[in-house]
Amino acid sequence: AENAENAEPELDEDGNPIPKPEGEEGVEAAAEPEPEPEPEAAAEDENAGEAEPEAAELDLYVPPDDSTCILVTGPAYSLASETALELAAKYRVPKLDIDECVRAAAEAIGDLGLRVRMELGLPRILEDDSDDEDEEDADEAEAIDAPLAEEGDEKPEGETTAPEAEAPAAGEEGEAAAEPETPEELVHEDGKLTIKTLADVLERVIFTDYADGFVVDGVHCEFTASPLATVKALTRALGMEKSEPRPPAKPEDAGDDWEPPEPEEGAFVLHGRKKLMIVSLEVDDAVAAKRETLETRGDEPDVELDAAPSSAESPAEPEAEKPPDGEDGEEAPPEEEKFELGEETAAAIAKHREFVESELVPLFGASHVTYPDNCARVYVVVTDECEDPGAVVDVATTGGDENPNPMPTPPKPLDYIPPAEVFQVITRPKEREAKPPVTKFQVLTPSVQPKYPHARKPPTPEPAEGEEGADGADGAEAEPPTEEEPQENEMRSDTRWNIRAGDAVQVIVRFESPEVGDFTEYLAFECVGGQKVETLECKGRCDYPTISDDFRNVYAAKKTKASQRPPDHLISHQFIIAKPVPELKVPGKFEFGPLLNNWPVPEPPPPWEEGMQDAKGDPIPDPGPVDPHSHHRRANIERLRITNNGLHDVKVKFRLKRPVDDDGNELEEPGDLPIPGVDVFKFEPEEMTLFAEETRELIVTAYPKGEHEWPPEPEPEPKREPEPEPEPRERK
């Protein structure tokens, strides 16, 4: 019996003692006495304590992952909520809302969702009665509503109700034995979640959506019985368990006779799958009173907080009478304003301090400064001199005499540039491979460089008090900035640049080629003394603006081979395909056919206007869209397709071909030489602009004046083919 009383109680996974089926004063339960253990079994139980050290010698410690998990707590006016948002931004982790996680779990389908709804007293949803989970859900419901199991019976996991009847007093005979106490993680209150259920909800959310870390703002949760239950559920969700402190690592300067210090009596640490940083903010009553007063009045806080009493509970002193002015006429200094906390605010701050000192801090074991293997680390930050959450984070993460226990340094921002360092590494450059010369591309450097938007700006030193330029100092007025005269931006052919750290130099690559075609060349860049060569592939295409000269695209009329040419009187708007002759560039010619001589060119009809009448006096209805060339006779008009099949926009002018000289070259200034057909053929429009891959329609009209054939047939020559019909267009 003495060994049983002095033995340490068994602990569960959260480090809480497991209750035994005994009375309050150590009296054994009388309901169903357990059989006495056999001597051999009793001996094994007595030696169990001696076997524990042998098992403890095995180091089964598994370090946590590298995620960042932060819990922020603080009283009113300690900037707790703002600091939580600032920490989430600094450490690049999202904010975890425990209430939202519970609401989402209550709407989910499954065993966990059913358990949350039953503990919160919410109605069941339709999906709870479907599939094969009906029996399991009914068992859980019965386990929650059923009374506590008697001693020796197996207790269901979902049981959450507390015993109603009190245990009988110690020493009373004939009374029923005291029922075992419900484990703390299963204690259930109406409308609240048990610690185990909330831990299961948080564990599923954290390891699914917050694997890289999170920030929790405060320990209050509307679905738990107390803030301490919220904290215990969070530590349980992170897999934290009580453990003995591991011996510290041997210092580098320690000798061979160094031995690790003995751990303190009763000291313990928490080991888990993740680390948890608890940021406990503190604020003085005077500072909280001033912040509360300024918030109520809507004033902006001063840079330096005024002095105030250390405790808000001390009565305010009556205002002293204003002393009379001195003999020299000097006025007495103004009396500093005093601030007092409201009763509710003062009670809330005192309650929070008591919760942190008596419940929160002891829950996380020994200090991690003494035992670095503790996965739960408490950081106390005083916010009296902090005006914004950024200053609170700076105090928490900056070490020094005032803060010997700083938080880990947050990661640098993405645009962080380290301070400048000057050094030089001299290496022998490697042999360069021979490359073909670059002839079509040229690197140019503008003499006037544009401002690089991401360049690092050098810090501007602030003038000290009393110096010229300081606020309130007597000095000369600053001269207005002079406008710089615009400089001519000259393109220099530099091939070496001195680029400062964090800056950039703009260069221009110009492509120029006297030949038509596609070209690919490579430009190489490297640092002076470096070993790596960066190659830039440059591609360019050079071509003239062109239009399609394919007769199958240009002439929409009927195509006829020269060998199948019909008689002249049967030809009408046909393209005669010429025989394949190497020296003949034009693939054929278009023939209108016989046309009436001296047929007058019809005038276009006047545009329709409302109220117009015909010859009989009847109103002419609106004809709608009208072809602007519909007044021409079908025999005297032809439509050609002009397509820009090049890479550039092209401006095209159409005219008849001028006379040629003896060598076949067109005369640029014909002078008095007549242009054949100038009074017969007309083009509309005479000029058009085509974008790349654009096609437009060209109208060609023919109204002959006199009986002749155009163009006239030239005299036959022994070595030259007849001049082909010039195309009625010009490409530029």
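For the structure, check the block above.
All residue numbers refer to positions counted from 1 along the written sequence of the respective chain. Predicted model: local features are reported for residues with pLDDT of at least 70 only, side-chain atom pairs are reported and counted for 80 or more only, and whole-chain, interface and lining totals are derived from all residues. Think of the side-chain values as coming from all heavy atoms in the structure, minus any hydrogens and water.

Undergrad: Is there a simple way to think about the overall build of the protein in this case?
TA: Where helices and strands are cited, they refer to DSSP runs of H or I of at least four residues and of E of at least two residues respectively, numbered from the N terminus. Assigned secondary structure in the protein consists of 13 helices and 21 strands. The proportion of buried residues among the 732 residues of the protein is 29%. Should any heavy atoms of two residues lie within 4.5 Å, those residues are considered in contact. Taking the contacts inside the protein whose residues are at least 6 apart along the sequence as the reference set, 70% of them involve residues at least 24 apart. The cut-offs for exposure are 20% and 50% of the maximum accessible area for each residue type, with area from a 1.4 Å probe on protein chains only; residues under the lower value are buried, those over the upper are exposed, and the others partly exposed.

Undergrad: Where do I start with the pattern of salt bridges in this structure?
TA: Two side chains carrying opposite charge are able to pair once their charged atoms lie near each other. One speaks of a salt bridge when a side-chain nitrogen belonging to Lys or Arg is within 4 Å of a carboxyl oxygen belonging to Asp or Glu. With the rule as written, the count across this model stands at 18 salt bridges. In this structure, the salt-bridge partner of Arg353 is Asp285, at a minimum N-O distance of 2.8 Å. Of this pair, Arg353 sits in helix H11 (residues 343-363) while Asp285 is found in helix H10 (residues 285-297), placing the two residues 68 residues apart along the sequence. The class of Asp285 is buried, set by a relative accessible area of 14%. Salt bridges sharing partners connect three or more residues here, namely Glu100, Arg103 and Glu222.

Undergrad: What should I look at first to understand the nonpolar core in this one?
TA: Soluble globular proteins: nonpolar side chains tend toward being buried together. As used here, the term nonpolar core means buried Ala, Val, Leu, Ile, Met, Phe, Trp, Tyr and Cys residues forming a set that is joined through side-chain atoms within 4.5 Å. Leu71, Leu96, Val116, Leu202, Phe214, Leu276 and Phe364 are the most contacted members of the largest nonpolar core, which has 44 residues in total. Mapped by element, the contributors of at least two residues to this core are strand S1 (68-73), helix H5 (98-106), helix H6 (111-120), helix H8 (195-209), strand S3 (213-217), helix H9 (227-237), strand S6 (276-282) and H11. Non-local contacts of Phe364, meaning those with residues more than four positions away in its chain, are made with Val231, Thr235, Phe268, Leu270, Leu276, Ile278, Asn374, Ala376 and Val378. Within the second largest apolar cluster, 22 residues are counted, among which are Phe551, Val554, Tyr555 and Met688.

Undergrad: I keep staring at a negative patch on the surface and nothing clicks. Help me out?
TA: Together, Asp256, Asp257, Glu259 and Glu262 line one region of the surface with negative charge. Tracing the chain through its elements places Asp257 in the loop between strand S4 (241-243) and strand S5 (269-271). For Asp257, a relative accessible area of 69% corresponds to the exposed category. Within the patch definition used here, like charges are joined within 9 Å and nonpolar side chains (Val, Leu, Ile, Met, Phe, Trp, Tyr) within 5 Å, considering only residues with over 30% relative accessible area and no salt bridge. Per-residue accessibility takes into account occlusion by the displayed protein chains alone, with areas from the Shrake-Rupley method and a 1.4 Å probe. Charged residues are defined here as Lys and Arg on the positive side and Asp and Glu on the negative side; His and the ends of the chain fall outside this count. The atom standing in for a charge is NZ when the residue is Lys, CZ when it is Arg, CG when it is Asp and CD when it is Glu.

Undergrad: How should the packing of helix H4 (residues 80-91) against helix H12 (residues 389-397) be read in this particular structure?
TA: Geometry of a packed helix pair, given as the angle between the helix axes and the separation of the axes. Contact geometry for H4 and H12: axes closest at 9 Å, N-to-C directions at 65 degrees. Viewed along their axes, H4 and H12 form a crossing whose handedness is right-handed. The segment H4 lies against H12, with Glu82, Thr83, Glu86, Leu87, Lys90 and Tyr91 engaging Pro389, Gly390, Val392, Val393 and Thr397. Each residue is assigned to one class: nonpolar for Ala, Val, Leu, Ile, Met, Phe, Trp, Tyr, Cys and Pro, charged for Asp, Glu, Lys and Arg, and polar for all the others, Gly among them. Of the residues assigned to the contact of H4 with H12, the class counts are five nonpolar, three polar and three charged. Axis definition: a line fit to C-alpha positions, over the contact stretch in the case of helices; interaxial angles, taken between N-to-C directions, run 0 to 180 degrees. Handedness of a crossing follows from how the near helix is turned relative to the far one, being left-handed for an anticlockwise turn of less than a right angle and right-handed for a clockwise one.

Undergrad: For this particular structure, what's the right way to read the packing of H6 against H8?
TA: One way to put it is that H6 packs onto H8 with a least axis distance of 10 Å and a crossing angle of 140 degrees. Relative to H8, the element H6 is oriented oblique. Note on packing geometry: the crossing formed by H6 with H8 is left-handed. Across from Leu112, Arg115, Val116 and Glu119 in H6, the residues of H8 making contact are Lys196, Thr197, Asp200, Val201 and Arg204. Taken together, the residues of the contact of H6 with H8 sort by class into three nonpolar, one polar and five charged. An angle below 35 degrees is treated as roughly parallel, one above 145 as roughly antiparallel, one from 65 to 115 as roughly perpendicular, and anything else as oblique.

Undergrad: Quick question: what am I supposed to make of the sheet that holds strand S14 (residues 574-577) here?
TA: In spatial order, the strands read S13-S14-S15; together these three strands make up an open sheet with mixed pairing. Each edge of the sheet is formed by a strand with only one pairing partner; in this case those strands are strand S13 (558-561) and strand S15 (588-591). Geometrically, the sheet is characterised by an average inter-axis angle of 25 degrees between neighbouring strands, direction not taken into account. When S13 meets S14, the two strands line up parallel, connected through four bridges. Paired with Lys559 across the two strands is Phe575, which belongs to S14. Strand pairing follows a simple DSSP-based rule, namely that at least 2 bridges must link the two strands.

Undergrad: Help me out: how do you make sense of H4 in this one?
TA: In an α-helix, one full turn covers 3.6 residues, which means residues spaced three or four apart are oriented alike. Multiplying 1.5 Å by the helix residue count minus one yields the expected span of that helix. End to end, H4 covers 16 Å across twelve residues, agreeing with the expected 16 Å (1.5 Å per residue, within 8%). When we look at burial in H4, the residues that qualify are Ala80, Thr83, Ala84, Leu87, Ala88 and Tyr91. Angular distribution of buried residues about the axis of H4 spans 140 degrees; they occupy a single face of the element. For H4, the exposed residues set more than 90 degrees away from the buried face come down to Leu85 and Ala89. Elements that come into contact with the buried residues of H4 comprise S1, S3, S6 and H12. Immediately beyond the C-terminal end of H4, within one or two residues, lies Arg92, with a positive phi of roughly 60 degrees. In this description, the arc belongs to the directions extending from the helix axis to the C-beta atoms.

Undergrad: Mind showing me how you'd approach the sheet that holds strand S8 (residues 441-446) here?
TA: Pairing is antiparallel across the open sheet formed by three strands, whose spatial order is S9-S8-S10. In the strand order of this sheet, the two ends are held by strand S9 (491-492) and strand S10 (508-511), each with one partner. Where S8 and S10 come together, four bridges link them in antiparallel fashion. Note that in S10 the partner of Phe441 across the bridge is Phe511.

Undergrad: What is the right way to look at the packing of aromatic side chains in this model?
TA: How two aromatic rings sit relative to each other is set out by the distance from centre to centre and by the angle between their planes. Paired rings are identified among Phe, Tyr and Trp, the last through its six-membered ring, by centres lying within 6.5 Å, and are further divided according to the angle between planes into stacked (under 30 degrees), edge-to-face (over 60) and tilted (the rest). Per the counting criterion, the structure on display carries eight aromatic pairs. Ring centres 5.0 Å apart and planes at 35 degrees place the aromatic pair Phe441 and Phe511 in the tilted group. Residue Phe441 is located in strand S8, and its partner Phe511 is located in strand S10; the two are separated by 70 residues in the primary sequence. In this structure Phe441 comes out as buried when scored by relative accessible area, which is 9%. Centre to centre, the rings of Tyr555 and Phe590 are 5.8 Å apart; their planes meet at 10 degrees, and the pair counts as stacked. Here Tyr555, found in the loop between helix H13 (551-554) and S13, pairs with Phe590, found in strand S15; they are 35 residues apart in sequence, far enough to count as distant. The residues Tyr555 and Phe590 share a single accessibility class, namely buried. An aromatic cluster of three or more residues is present, and its members are Phe551, Tyr555, Phe575, Phe590, Phe592 and Phe681. We count a charge as sitting over a ring when the NZ of a lysine or the CZ of an arginine lies within 6 Å of the ring centre and within 35 degrees of the ring normal. The positively charged end of Arg273 is found above the aromatic ring belonging to Phe207, 3.8 Å away from the centroid.

Undergrad: Can you walk me through the pairing of strand S20 (residues 695-702) in this structure?
TA: Sheet faces and side chains relate simply in a regular strand, where the side chains alternate between the two faces. In this structure, strand S16 (residues 637-643) lies alongside S20, joined through seven bridges in antiparallel fashion. Bridge pairing links Ile642 to Arg696 in S20. With four bridges connecting them, strand S18 (residues 681-684) and S20 associate as antiparallel partners. Note on S20: the bridge partner recorded for Glu684 is Ile699.

Undergrad: Mind showing me how you'd approach the side chain of Glu292 here?
TA: Mapped onto the secondary structure, Glu292 falls in helix H10. Although Glu292 is buried, it makes no salt bridge; Arg291 carries the closest opposite charge, 11 Å away. One polar contact links the side chain of Glu292 to the main-chain amide nitrogen of Gly342, over a distance of 3.2 Å. Apart from the residues within four sequence positions on either side, Glu292 is in contact with Tyr77, Glu340, Leu341, Gly342 and Thr345. Contacts described as polar in this section are N or O atom pairs within 3.5 Å, which, within protein, must combine one atom able to donate a hydrogen with one able to accept it, while residues neighboring in sequence count only if both atoms come from side chains.

Undergrad: Help me understand unusual backbone geometry, please; the structure alone is not making it clear to me.
TA: What is expected of a backbone is that most residues other than glycine have negative phi and most peptide bonds are trans. A cis amide bond links Glu684 to the next residue, Pro685, at an omega of 0 degrees. One can find Pro685 in the loop between S18 and strand S19 (687-690). Located in the positive-phi region is Tyr77, a residue other than glycine, with phi close to 65 degrees. By the secondary structure assignment, Tyr77 is in the loop between S1 and H4. Its relative accessible area of 23% is what places Tyr77 among the partly exposed residues.

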